[in-house]
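So the chains spell out like this:
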Amino acid sequence: MSLVELSNPYLTSFASGLLYGLVACTATCLPYLASYIAGTGADFRRGFFTTLTFNSGRVIAYTLIGAAIGLFSGLLHFFADPATFSVFQAYSTVAFSVVTILIGAILLYKNRKPSCNCNLPPLNPKSFPVNNSKIQFLRQFDVGAFTLGLSRGLVLCPPLIAFLLYSIPFASPLDSVLFAALFGIGTAISPMLLIGSVTGWLLNKADLLRRYIALAGAFIIILLGISTLISSILSLT
């Protein structure tokens, strides 16, 4: 069966990602995401945008993988070989684990650091010749969530790789990029968006325990990273 025999290969890649997001992606990513949301003390709105940022990192990672497979046909044999595929998975998981531990450590440090109650006068934005909208965007953009999602997305997704490898003989490099991006968008439209928002909403209700919940979330992220790191190292031995 060739790619043209599919009624709509673009819709198929999106639907495959949507199905995978509903079945497996939420279960594997949610523990890290929920712990991160807890570690940042997010509310409903921030929990939603944190989840969106995390998923955008995964979509970009999938797109990069699609571009690599589409542009470098030599990677076909690399990803098709089970042995080399397993080794790459193990090393990419090690990298994801290290990133997770570092992010958890940063959150733990920020949550332990006492806040400054200095009575300083507010700064006048008109005094600075800068674009305030850019500063506002940089302040709202969650680098930690994006990095966590990007590193997670670089841990190869078997259904995505299988679809891309199948499409290579019949698709252009641009098609591979689009297939990977649509697959990633499909996984992003998953219960994670709702669960992440609800997690932030529930945690925001416990005002008196917010700091302790944030500390617990950061600590859990570190534990998840260590556990994943140990299992990935054991798979290499």
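See the structure printed just above.
Quantities reported herein were computed from a predicted structural model and do not represent experimental measurements. Counting of residues starts from 1 at the beginning of each chain's written sequence and follows it residue by residue. Only residues with pLDDT of 70 or above have their local features reported here, since the model is predicted, and side-chain atom pairs are shown and tallied only from 80 upward, although totals for entire chains, interfaces and linings are computed over all residues. Note that the side-chain values use all heavy atoms of the structure and ignore hydrogens as well as water.

### Here's the deal with the packing of aromatic side chains
Working definition: a ring pair exists when centres of Phe, Tyr or Trp rings (six-membered ring for Trp) sit within 6.5 Å. Plane angles under 30 degrees give stacked, over 60 give edge-to-face, the rest tilted. Going through the model one piece at a time under the given rule, you end up with seven aromatic pairs. With 5.7 Å between their ring centres and 50° between their planes, Phe 141 and Phe 146 make a pair best called tilted. We classify Phe 141 as partly exposed; its relative accessible area is 31%. Ring geometry for Phe 163 against Phe 179: centres 5.5 Å apart, planes inclined by 85°, an arrangement best described as edge-to-face. Separated by 16 residues along the polypeptide, Phe 163 in helix α7 (residues 158–167) and Phe 179 in helix α8 (residues 173–188) bring together distant segments of the chain. An identical accessibility class is assigned to Phe 163 and Phe 179; each is buried. Each residue in the set Tyr 10, Phe 163 and Phe 179 is aromatic and connected to the rest through ring pairs, giving one cluster. Criterion for a charge above a ring: Lys NZ or Arg CZ within 6 Å of the ring centre, and within 35 degrees of the ring normal. Note that Arg 152 overlies the ring of Phe 96, its terminal NZ or CZ placed 5.4 Å from the centroid. Each residue is assigned to one of three classes by its accessible area relative to the maximum for its type, calculated with a 1.4 Å probe on protein chains only: buried under 20%, partly exposed between the two thresholds, exposed over 50%. To qualify as a helix, a DSSP run of H or I must reach at least 4 residues; to qualify as a strand, a run of E must reach at least 2; elements of each kind are numbered from the N terminus.

### Here we look at the environment of Thr 40
Here Thr 40 lies in helix α1 (residues 9–40). The class for Thr 40 is buried, based on a relative accessible area of 16%. Between the alpha carbons of Thr 40 and Gly 200 there is a distance of 9.3 Å; along the sequence they are 160 residues apart. Pairs of residues are marked as contacts when any of their non-hydrogen atoms sit within 4.5 Å. If we ignore the near neighbours within four places in the chain, the residues touching Thr 40 are Arg 46 and Leu 107.

### Digging into helix α6 (residues 143–153)
Two residues of an α-helix separated by three or four positions point the same way, owing to the 3.6 residues in each turn. Along α6, eight of the 11 residues are buried, which leaves the element largely enclosed by surrounding structure. Considered for burial, the residues of α6 that qualify are Gly 144, Ala 145, Phe 146, Leu 148, Gly 149, Ser 151, Arg 152 and Gly 153. Of the residues that open α6, the one with a side-chain oxygen 3.2 Å from the backbone nitrogen of Gly 144 is Asp 142. Polar contact is defined as a pair of N or O atoms within 3.5 Å, subject to the rule that within protein one atom must be able to donate a hydrogen and the other to accept it, and that residues adjacent in sequence are counted only when both atoms are side-chain atoms.

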